[in-house]
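Structural features, examined
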Amino acid sequence: MNGNYVPLYRKYRPQTLEALVGQEHIKKTLTSAIELGKISHAYLFTGPRGTGKTSTARILAKSLNCKNGPTVHPCGECESCKDITNSIPIDVIEIDAASNRKVEDAQNILEKIQYVPINGKYKIYIIDEVHMLSTHAFNALLKTLEEPPENVIFILATTEVHKVLDTIKSRCQRYDFKRITTSDIIKHLRYISDQEKIKISDDALSVIANNSAGGMRDSISLLDQLSILGETREISAEDVNSILGRISFDVLFELTNSIISSNPGDGIKIINDIYNSGNEPLQILINLSEYFKNMLVAKTCSRKLLPDLTGLNETKIDKILTQAKELETQQIVFLTERTSYYIKEVKLAVNQHLWLEVGIIDLSNMAENSTLLDLQNRISALESGEGVSKVNRPPSVVTRPAPTQPATTEKTVNKPEIDKSQSDNEFTPPPISKKADGKDILSLWQDLLANISSTPTQAMLKLATPVQISTEGIVITFKNERFVSQINDSNKKQIIQNAAKKLFEGAEVSVTIKSSSEAESLTTTQPTAPADKQIEGKQESEKIEEPKTTDVKIKETHPKKQSDNLKKNETDQEKMILDLFDGKYVE
């Protein structure tokens, strides 16, 4: 063992303000203060860990106590500079507040500050993690901080400035240290690697920098740990991910592909391989969440900003952009939200691996059906009477069917009044829906879901489409036949049966689970009006209040032919809208 080995973060600790990485605003201010001789008796350095607070405190102490000082260029050769570099507590005393937080420790400091400095001009106290001091210890220091002896300077450093008493903060000059940018960290790591002859790729340095959360010390420590591998070969990004327990980009790319293509089988295989290699379920989901975040950034931001925002190289950006083009922005947001939900579930679960698999299956089906769910929400808003202006209109305009008329014949229909400017542009008003009374199928569907006691069953049913909900029976369809068999072959069907009993006040209701193809012949069934309110001949016994109308003559030419042409390109979502509104296409 080499007893003279010095860790890299200590070996490359900055010794002058110029060598400090980042923190330009602090370097400029302290340089001006030293050059002008405006030295305060107390400083408060605050900011995230590893951003240079303690290093700056030592540099300031060295600049003030150097034999040539105060100077922004301490010589590093005089006895005072060497004492500070070697952490010898003579005139510069470093105190860890975490282990010296009692009032007796503060009183001990107060007793010693009366002694004059030996080698330098000032006696400087650097108190690290000062927020750890007790209230009594703070109060003991308060009077001294307010009126310290002429040759005493306090430099307080903390990562949690909100825990420092306001009376202490008001007596100090405060300097806020920012997180060091990723580009600055990479540049400094490359400099150290070249000096130490460490073979490491740029991608690996980028992974190190992105993992450090803006802290230089953590980055250098990780590079030091990896330096052993760089003796014989180049350190790759995969090596860094292995050390950190992170999943590589390529594996996450394949996992995301299985989710986008709604292939949960491949997704389960991939996560099991990751799990067996030593990664925990929580870490897998966190990495996946970060990947979705990068995909969302790639989808919404300018290409030239992506390297800085995501930390990915051009090749990886091209791959993630390819995936982003296959999804809508709201779909990526939805996948990110669901991943966050399963992160919370995994943290609380006894069987974390089980919930990981459930999450991947759920995400695989959400990618396919999230646009459909969005459409269902919009339809629900329309049915509840919230108005078309609050939701996006579906791509095709749906109207109630009119009686079949011969070609080129004229008929009179009622339409809401519209402006001439709108009629000139062939404006077609949206359909007018009755306000929901709680008995329509969408309201009953929401009530049924609310009665589901099992969270996994409820989540699965959110991917379903209700076809019939009444005391005569409940028919539910899935686009994916795999879910049909899962419900029919498990206790989930009984859970739905129990929910139906609650919905219909104890009545026994049969529950049928079908695939969408099996249910094509079925139509949406809603509660019907009593027999005495049915239409007899041309007389209507139930009237719906309509807005003020004007008779408008419309000439139709071959409506059946137009409808037939449109049906050829009809999608599942459009079929659902037509079924709900009992409507047809119009141009």
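What comes next is a walk through the structure.

Calculation rules
- Residues numbered from 1 in each chain as written.
- Predicted model: local features only at pLDDT ≥ 70, side-chain atom pairs only at ≥ 80, totals over all residues.
- Heavy atoms only, no water.
- Buried < 20%, exposed > 50% of the residue type's maximum accessible area, 1.4 Å probe, protein only.
- Helix = DSSP H or I, 4+ residues; strand = E, 2+ residues; numbered from the N terminus.
- Arc of directions from axis to C-beta.
- Pairing = 2+ DSSP bridges.
- Axes fitted to C-alpha atoms, helices over the stretch in contact; angles between N-to-C directions.
- Contact = heavy atoms within 4.5 Å.
- Left-handed = near helix turned anticlockwise from the far one by under 90°.
- Salt bridge = Lys/Arg side-chain N within 4 Å of Asp/Glu carboxyl O.
- Disulfide = S-S within 2.5 Å.

Looking now at helix α22 (residues 481–488). Since the α-helix packs 3.6 residues into each turn, any two residues three or four apart lie on the same face. Taken together, the buried positions of α22 are Phe 483, Val 484 and Ile 487. On an axial view of α22, the arc spanned by its buried residues comes to 105°, and they lie on one face.

What follows is about unusual backbone geometry. Of note in the backbone geometry, Glu 129 takes a positive phi value of approximately 50° without being a glycine. Mapped onto the fold, Glu 129 is located in the loop between β3 (123–128) and α6 (135–146). Exposure remark for Glu 129: the relative accessible area of 22% places this residue in the partly exposed category. Despite not being glycine, Ala 213 shows a phi value in the positive range, around 55°. Mapping Ala 213 onto the fold places it in the loop between α9 (202–211) and α10 (216–226). Its relative accessible area of 48% is what places Ala 213 among the partly exposed residues.

One open sheet holds the three strands; their spatial order is β8-β9-β10, and the pairing between them is mixed. At either margin of the open sheet sits one strand with a lone partner, and together these are β8 (465–470) and β10 (511–515). In this sheet, adjacent strand axes meet at a mean angle of 10° when their direction is disregarded. Across the sheet, helix α20 (residues 441–450) is in contact with β8 and β9 (473–478); its angle to β8 comes to roughly 95°. Where helix α23 (residues 492–503) meets the sheet, it contacts β8, β9 and β10, and its direction lies at approximately 130° from that of β10.

Turning next to the packing of α20 against α23. The N-to-C vectors of α20 and α23 enclose an angle of 120°; their axes lie 8 Å apart at closest approach. Seen from above, α20 lies across α23 with right-handed handedness. Residues Leu 444, Asp 447 and Leu 448 of α20 lie in contact with α23, whose contacting residues are Ile 496, Ala 499, Ala 500 and Leu 503.

A complete count under the given rule lists 16 salt bridges for this structure. Here Asp 239 ties to Arg 233 by a salt bridge, and the two come within 2.8 Å at their closest N and O atoms. The partly exposed category is assigned to Arg 233, whose relative accessible area is 39%. Between Asp 318 and Arg 303 there is a salt bridge, with its nearest N and O atoms 2.7 Å apart. Of this pair, Asp 318 sits in helix α16 (residues 314–324) while Arg 303 sits in the loop between α14 (281–300) and α15 (306–310), and the two are 15 residues apart along the sequence. Here Asp 318 falls in the partly exposed class, since its relative accessible area comes to 39%.

With that settled, consider the side chain of Ser 470. One can find Ser 470 in strand β8. Its relative accessible area of 15% is what places Ser 470 among the buried residues. When sequence neighbours within four positions are dropped, the list of residues in contact with Ser 470 reads Phe 504 and Val 509.

Attention shifts here to the state of the cysteines. Throughout the structure, instances matching the rule amount to zero disulfides. Residue Cys 75 stays outside any disulfide, its sulfur separated by 3.6 Å from that of Cys 66, the closest cysteine. For the unlinked cysteine Cys 78, the closest cysteine sulfur is that of Cys 81, found at 3.3 Å.

A few words now on the pairing of β9. The buried fraction of β9 amounts to six of the six residues, a majority that puts the element mostly inside the structure. Judged from the five bridges that link them, β8 and β9 form a sheet pairing that is antiparallel. Bridge pairing in β9 places Pro 466 opposite Ile 476. Taken together, β8 and the strand that follows it, β9, pair antiparallel across an intervening segment of two residues. Here β9 runs beside β10; their pairing, made up of five bridges, is parallel. Note on β10: the bridge partner recorded for Val 475 is Thr 512.

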